[in-house]
Amino acid sequence: MESIEQLRLAFFLSIFFMCAAWEWVAPRKTLTQSKTWRWMNNVSLTALNSLLLTILFPILAVEAAIIAKGTQFGLFHFLELPNIFTILVSLVILDLAIYAQHLVFHRIPALWKLHRMHHADLDIDVTTGARFHPIEIILSMLIKIVIVMMLGIPPIAVVIFEVALNGCAMFNHSNAKLPLKFDNWLRQWLVTPDMHRVHHSKIVKETHSNFGFCLSVWDRLFGTYIAQPQLGHDKVVIGVKDIEDSKEQRLDKMITQPFRY
């Protein structure tokens, strides 16, 4: 398990610094807030969430997959499908589950209050990709563990998916510019920064669209896709109405936001 965690950390840091460098070399949108202030608080929140998961959960998704494999628990252990097919199907199912979870967190008011803190970032960049309320992180992990156990998803599929999910979240939140033709081609399969930026618009219709994190197919399939922001990427306003004070980007304010707004 230690080697798996080291691998995940290595991928996380590598992708983070690549995306950060990309934003610096080719920014897509002029930031409105102090980058140092936002990064300090967003990164602190990420560290807090990691610490809480370590303290509160005796097992995480990978450990749940290992237990399911050892006990032959879960649907895939009864189907006896080829291993590579099981892994590929597992990755698609997990990505669909994240899409569905994301949509539900927008639709149910109590859950939206938690998730709204992610949207209350007044700019969007690589650090926004890991800016989630601790309670949302805990609920997400519980959902993931249940899915992994019930389906008997192979441990290798969970590792691949978690690396991909973290990587895609940092990539599609990046304040970085892709050539438009390449963006149009890539978003046929994957969620791109321009596609996901629509999701962080203050315009309500746009906020509640483009829920995908890795695969872009789900938004098209379920009718939640909006191609471009109404005001264009240069003028689109990022954030949430009524949570516009820069003080709300402070760590303690972020944690208490769901209980104050």
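Draft legend 1. Quick look at the side chain of Asn42. Structurally, Asn42 is set in helix H2 (residues 35-56). Here the side chain of Asn42 touches Arg131 through a polar contact of 3.2 Å, side chain to side chain. When near neighbours in sequence (up to four residues on either side) are disregarded, Asn42 contacts Asp121, Thr127, Thr128, Arg131 and Met254.

Draft legend 2. Expanded view of empty space enclosed by the protein. With the rule as written, the count across this model stands at two cavities of 30 Å³ or more. By volume, the largest cavity is sized at about 50 Å³. Of all the elements in the fold, those that place two or more residues in the lining of the largest cavity are helix H5 (83-107) and helix H7 (134-151). Of the residues belonging to the lining of the largest cavity, the class tally is six nonpolar, two polar and one charged. Around the second largest cavity, the lining residues are Lys29, Thr30, Leu31, Asp123, Ile124, Asn175, Arg197 and Ile238. Within the lining of the second largest cavity, the residues separate by chemical class into three nonpolar, two polar and three charged.

Draft legend 3. Broad picture of the pattern of salt bridges. As enumerated under the stated definition, the model contains 13 salt bridges in all. Across the salt bridge formed by Asp234 and Arg28, the nearest N and O atoms sit 3.7 Å from each other. In this pair, Asp234 sits in the loop between helix H12 (217-221) and helix H13 (251-260) while Arg28 sits in the loop between helix H1 (2-25) and H2, placing the two residues 206 residues apart along the sequence. Looking at Asp234, the relative accessible area reads 60%, which means it is exposed. Judged by relative accessible area, Arg28 falls into the buried class, the value being 15%.

Draft legend 4. Spatial organisation of the nonpolar core. By size, the foremost hydrophobic cluster in this structure holds 26 residues, and its most contacted members are Phe57, Met141, Val148, Ile153, Val158, Leu165 and Phe213. Of all the secondary structure elements, the ones that give two or more residues to this core are helix H3 (61-71), H5, H7 and helix H8 (155-172). When residues of this core are assigned to their parent elements, the largest contribution, seven residues, is made by H8. Phe213 has contacts with Ile98, His102, Phe132, Leu165, Cys168, Ala169, Asn172, His173 and Val191, leaving out every residue within four places of it along the chain. By size, the runner-up hydrophobic cluster in this structure holds six residues, among which are Ile15, Phe16, Ala20 and Met170.

Criteria and thresholds
- Residues numbered from 1 in each chain as written.
- Predicted model: local features only at pLDDT ≥ 70, side-chain atom pairs only at ≥ 80, totals over all residues.
- Heavy atoms only, no water.
- Helix = DSSP H or I, 4+ residues; strand = E, 2+ residues; numbered from the N terminus.
- Polar contact = N/O pair within 3.5 Å; in protein donor to acceptor, adjacent residues only side chain to side chain.
- Contact = heavy atoms within 4.5 Å.
- 1 Å grid on protein atoms, 1.4 Å probe; cavity = no way out; pocket = protein on both sides within 12 Å on 5 of 7 lines; lining within 4 Å.
- Points joined across faces, edges and corners; volume = space filled by probe spheres on them.
- Nonpolar A, V, L, I, M, F, W, Y, C, P; charged D, E, K, R; others polar.
- Salt bridge = Lys/Arg side-chain N within 4 Å of Asp/Glu carboxyl O.
- Buried < 20%, exposed > 50% of the residue type's maximum accessible area, 1.4 Å probe, protein only.
- Core = buried A, V, L, I, M, F, W, Y, C linked by side-chain atoms within 4.5 Å.

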